Each structure stands twice: as C-alpha cells, then as structure tokens.
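# Commentary on secondary and tertiary structure
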Amino acid sequence: MKKYIIYSLLALLTVSCEIVDAIDQDPPNNLVPDNVIENSDDAEALLNGAYGQMVSYTVSHYYMYSELIPSALIGTMSTAGGGTANGEFAENDLQSDNSNVNNFWKIIYAVMDASNNSIDLTQKLPDTEISDELRSEIIGEAHFLRAMTTFDVLRYFGQFYDRSSELGIVLRTEPVNFVTRSKARNTVEECYTQILSDLDFAIANAPDFNVNYRASKVAAQALKARVLLYMGEYEAAAAAADLVINSSARSLEPTFSEAFSKGNSSSEIILQLYRDENSDTDQNNRKRFYTGRAGTTWFPELMTGDPRQPVTYSGLTVLKTNNTATYRPTYFMRLSEIYLIKSEALARSGASVEASLTPLNVIRNRAGNDDATATTTAEVLDLIFEEIIKELAFENGADWFAAIRFDKAMELKPTITSVDQYILPIPLPEIEGNEFINFENQNPGYNF
C-alpha cells in the first residue's frame, strides 16, 4: 500500500518526510471537500484527513484523551496538576460542562465526520478518475475509521454494557451539515449493528495489512473481536480473535519491551498512530501526559514483581506511552490484546479451564512469567483481568473497560459507587446545539 502525506480536512498537515512518496503535488491550501475531490489523489488526501484529525495539535488530542481519561477514571493514572477539569476524572465526579469531556466528544466525532466525507465523496468520483481497487480500499479504510470512532463514542458516552438500553449515541453515517446536525440518540443495539456492518465492510474491502499506522483488513477483524466481546457474543469473539491470531499479518514480539521499542516496525502492533521525530513541532508538547502519572493505589501493588513493570512505568511516570525512542505513539490495538480477548471469550462462553488459560499463558510466558493455573472459571476470569491490566495498562482504555466488564470498578476505586459513572455525560454544548438531545435524555446521574 502506498504511504501518504497526511492532510487534515482544513489544512495541510505533514506528518513525516518518510511517508511522502505517493502525492507529488500540494493540495489546495483550503482543503475542503468541495475543492479536493476531483481525482484519486484528492480521494487519498481526504481519507488522510481523518488520520490527520487524530494527531493534529490544532484540535483536542484524540490519542491523548483515549489514554489519559480512562486511566484516570480507574486510577492507573493520576491527574496531579491537571486542574479542575482533570480532577473530576480522578474523583469520578464528572459534570456536563467539563471541557475535556466536550473536547473528547468533539474530536471523535470530527474523525467520524472526516470518514463520512471520505466515503461519500469517493463513492461519487467518476470511474475515469479512480480505479475500482483504490476506490474500494479507500472506502473500506474509511468504514473502519467510522466503526472505530462510533465504538469509542458508544463505550464512553452510551450504555454500551446494556444492549437493551435506549441510551446509545448519535449515529452519524453521512457528513454533518445544517440539515443533518440535529439528530436523536440511537439505541445501543442499533449502534452495535452499525459498527459490525462497517467492520464487515472493512474486512471485505480495506487494504491488506501493510503498515501498523493505517487501517487494514486485519485491524478490522481485530476490532470486531473486541466489539463482539463487549457485546457478550463470546463464541463469535473467540472465533474472530482466532482469525487474527492465525493470520500471518502480525506476530508477537519476542519480549514485552520490544513490542514498544521497535515503533513503526513492530510486528505486534495492529494499529497505532504514526509518530516520528517530526510529529510534534513543539518539543515541550512532545512530552505528552505531563499531567498524567502512574497511580499510587491498587495499580502499582498489582504490578509489583511483574517483569513488565519497569517497561510500563518508573516511579510515578508512565513509560510505554511516553516512549521517547518511538516518539510516544498511541497503541490502539496490539496482538497481545487479541490473545487476551480469546482467553476471556472462551472463559465466558463455558470453555474448559485448560482451553481458557492456553492463550492467556502465551502472553504470561512472553512476559517472563510461568503458566497460570486455576480450577474454576471464576479463578480464570480473575487471572485474565489481572493479565489485561499488566499487559495493556494505559492503552486505549483497556484498564478502565476491563474493570467494568469484570465488575471490578467499584471494588478498585471507592469514588465509583454507581453504574452511572461507567460512562461520561453528554457534553453541554451538544445538548445546547442538538434539538433532539436535552437533559431528559442525558445520561443518568448527569441530569442537573
């Protein structure tokens, strides 16, 4: 697959000189849908705009919030020095006017909207301007990004844990304009249906795996395994995970540390954000998570003695997502998570203790630990939860959502006293700007 210059929808954003070999000409300075989508190069640039939204410093940082917010919520990361807005996450006492909640909502929907523009306008390109193969790949990749962002909004702002709930999120499958701006919330089941539909499209049409900072068929299959697990479709989740594990596209690194130290060349990372020495022009901002530190409660106690601890954090400083050698990428999905999804799905679907522990022990052994042993499913599930935290802490909300799935959140953090705190409030600006959302259909616990 070609490498690209990554553009935002509104301005040119150069991510790396290493990935400038596909587009020879500069796009218009004002890169908006109306003046770019005339040929295949424009279609590629428009898709790259979705990736550009994730890394741009001109908007809130999708990548930063997807690690900082969930880790602060469950206590694996503190928010010392982060001010009132971040302090609300640490205390699990969010308000609908919290600026970081609003920024997180906005940037996820911005990426979703960029994906919808890419799908819509690439579909409309004349056959003379783009090959069938490239059109299919671009639209498939955009469907993956739409699925990923829809799932992220659902698991942070909708009652994702209850498929019968009316309180899903606002599904957006077309570009936002003055006509489509106001839209009602969809049910949780409708959201899951849309996510799976987009992922199946991506599995069929997205590019084969080429680099770990672009969407691909294997990334779509991996995300599908994660989504099915959250849905409670355990047998299907285990089967989807198996397809990824048995694929030749990705393989585990020999050691835990190598999964991160190899950066863009890691054989284990399924999807991450592209980072290099030019990714951030402000060297102070490259620090990232300057308000985030490893927690000082249950998390370091759990990590004590595990070989992964020195790679994960030092003292109170997070290391693996602040990896200076690889320019601090965000890890959206790694193959090790897929092994853990398979283990959890097997255990929850009634598989034997031995079968459930087999994929778990692959990850334990790679970390330098002996095989785990258990006699009951309950023991297996406890071992899986601990392994998720040790292996995936600070990675795309893995710690927070595992605590919810395993019913550990209230046990681990006294400030969590209600399931209402499992999701964030719909931001006040969305309530004020969307005529179909009001305080009556705000998430429970955030009505006032």
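Structure report, in brief. From a predicted model like this one, the values you see are computed outputs, not experimental measurements.

This paragraph deals with the overall build of the protein. The number of helices and strands found in the protein is 18 helices and six strands. Across the 448 residues in the protein, those meeting the buried criterion constitute 60%. For the protein, the proportion of contacts with a sequence separation of at least 24, taken over those separated by at least 6, is 67%.

Right, let's get into the packing of helix H15 (residues 377-392) against helix H16 (residues 398-405). Relative to each other, H15 and H16 sit at 170 degrees, their axes nearing to 9 Å. In terms of orientation, H15 lies roughly antiparallel with respect to H16. Only Ala398, Asp399, Ala402, Ala403 and Arg405 of H16 make contact with H15, whose side of the interface consists of Phe385, Ile388, Ile389 and Leu392. Residues that form the contact of H15 with H16 fall into these classes: seven nonpolar, no polar and two charged.

Residue position: Gln272 is located in strand E2 (residues 269-272). Only 2.8 Å separates the side chain of Gln272 from the side chain of Asn264, close enough to count as a polar contact. In this structure, Gln272 is in contact with Asn212, Tyr213, Gly263, Asn264, Pro329, Thr330, Tyr331 and Phe332, ignoring residues within four places of it in sequence.

A separate point is the pattern of salt bridges. A side chain of one charge can pair with a side chain of the opposite charge if their charged atoms are brought near each other. Using the criterion set out here, one finds 26 salt bridges in the structure. For Lys124, the salt bridge goes to Asp120, with nearest N and O atoms at 3.3 Å. Taken together, the residues Lys124 and Asp120, both in helix H5 (residues 99-124) and four residues apart, mark about one turn of the helix. Its salt-bridge partner being Lys262, residue Glu253 comes within 2.8 Å of it at the nearest N-O pair.

The end-to-end C-alpha distance of helix H8 (residues 217-231) is 21 Å, a good match for the 21 Å that 15 residues give at a rise of 1.5 Å each. Within H8, 14 of the 15 residues are buried, which leaves the element mostly enclosed by the surrounding structure. Gly232 occupies a position one or two residues after H8 and carries a positive phi of about 85 degrees.

With that settled, the discussion passes to the packing of helix H6 (residues 132-157) against H8. Direction vectors running N to C along H6 and H8 enclose 25 degrees, while the axes themselves pass 11 Å from each other. Looking at the two axes, H6 sits roughly parallel to H8. In the crossing of H6 with H8, the sense of the turn from one axis to the other is left-handed. For the pair H6 and H8, contact is made by Phe144, Ala147, Met148, Phe151 and Arg155 and by Ala219, Ala220, Leu223, Arg226, Val227 and Tyr230, respectively. Looking at the contact of H6 with H8 residue by residue, the class counts come to nine nonpolar, no polar and two charged.

Moving on, we come to the nonpolar core. In terms of nonpolar packing, the biggest core is built from 128 residues, with Phe144, Phe157, Tyr192 and Leu424 touching the most fellow members. Counting residues per element, this core draws most heavily on H6, at 13 residues. The residues touching Tyr192, leaving out its near neighbours within four places in the chain, are Phe151, Leu154, Phe160, Arg163, Val227, Tyr230 and Met231. The next biggest cluster of nonpolar side chains, apart from the first, holds five residues, and it includes Phe256, Ala259, Ile269 and Tyr331.

Attention shifts here to the environment of Cys191. The topology assignment puts Cys191 in helix H7 (residues 188-205). Excluding anything up to four places from it in sequence, Cys191 contacts Leu154, Gly168, Ile169, Leu171 and Asn186.

The grouping of Tyr161, Met410 and Val419 at the surface amounts to a nonpolar patch, some 230 Å² of accessible area in total. With respect to the helices, strands and loops of the structure, Met410 is situated in helix H17 (residues 409-412).

Below, the discussion takes up the side chain of Asn369. Topologically, Asn369 is positioned in the loop between helix H14 (353-367) and H15. A distance of 3.0 Å separates a polar atom in the side chain of Asn369 from a polar atom in the side chain of Asp306. Those residues in contact with Asn369, other than ones at most four positions away along the chain, are Asp306, Pro307, Arg308 and Arg364.

Criteria and cut-off values
Residues numbered from 1 in each chain as written. Predicted model: local features only at pLDDT ≥ 70, side-chain atom pairs only at ≥ 80, totals over all residues. Heavy atoms only, no water. Helix = DSSP H or I, 4+ residues; strand = E, 2+ residues; numbered from the N terminus. Buried < 20%, exposed > 50% of the residue type's maximum accessible area, 1.4 Å probe, protein only. Contact = heavy atoms within 4.5 Å. Axes fitted to C-alpha atoms, helices over the stretch in contact; angles between N-to-C directions. Parallel < 35°, antiparallel > 145°, perpendicular 65-115°, else oblique. Nonpolar A, V, L, I, M, F, W, Y, C, P; charged D, E, K, R; others polar. Polar contact = N/O pair within 3.5 Å; in protein donor to acceptor, adjacent residues only side chain to side chain. Salt bridge = Lys/Arg side-chain N within 4 Å of Asp/Glu carboxyl O. Expected span 1.5 Å × (residues − 1). Left-handed = near helix turned anticlockwise from the far one by under 90°. Core = buried A, V, L, I, M, F, W, Y, C linked by side-chain atoms within 4.5 Å. Patch = residues over 30% accessible without salt bridge, like charges linked within 9 Å, V, L, I, M, F, W, Y side chains within 5 Å. Areas by Shrake-Rupley, 256 points an atom, 1.4 Å probe, with all protein chains shown as cover.

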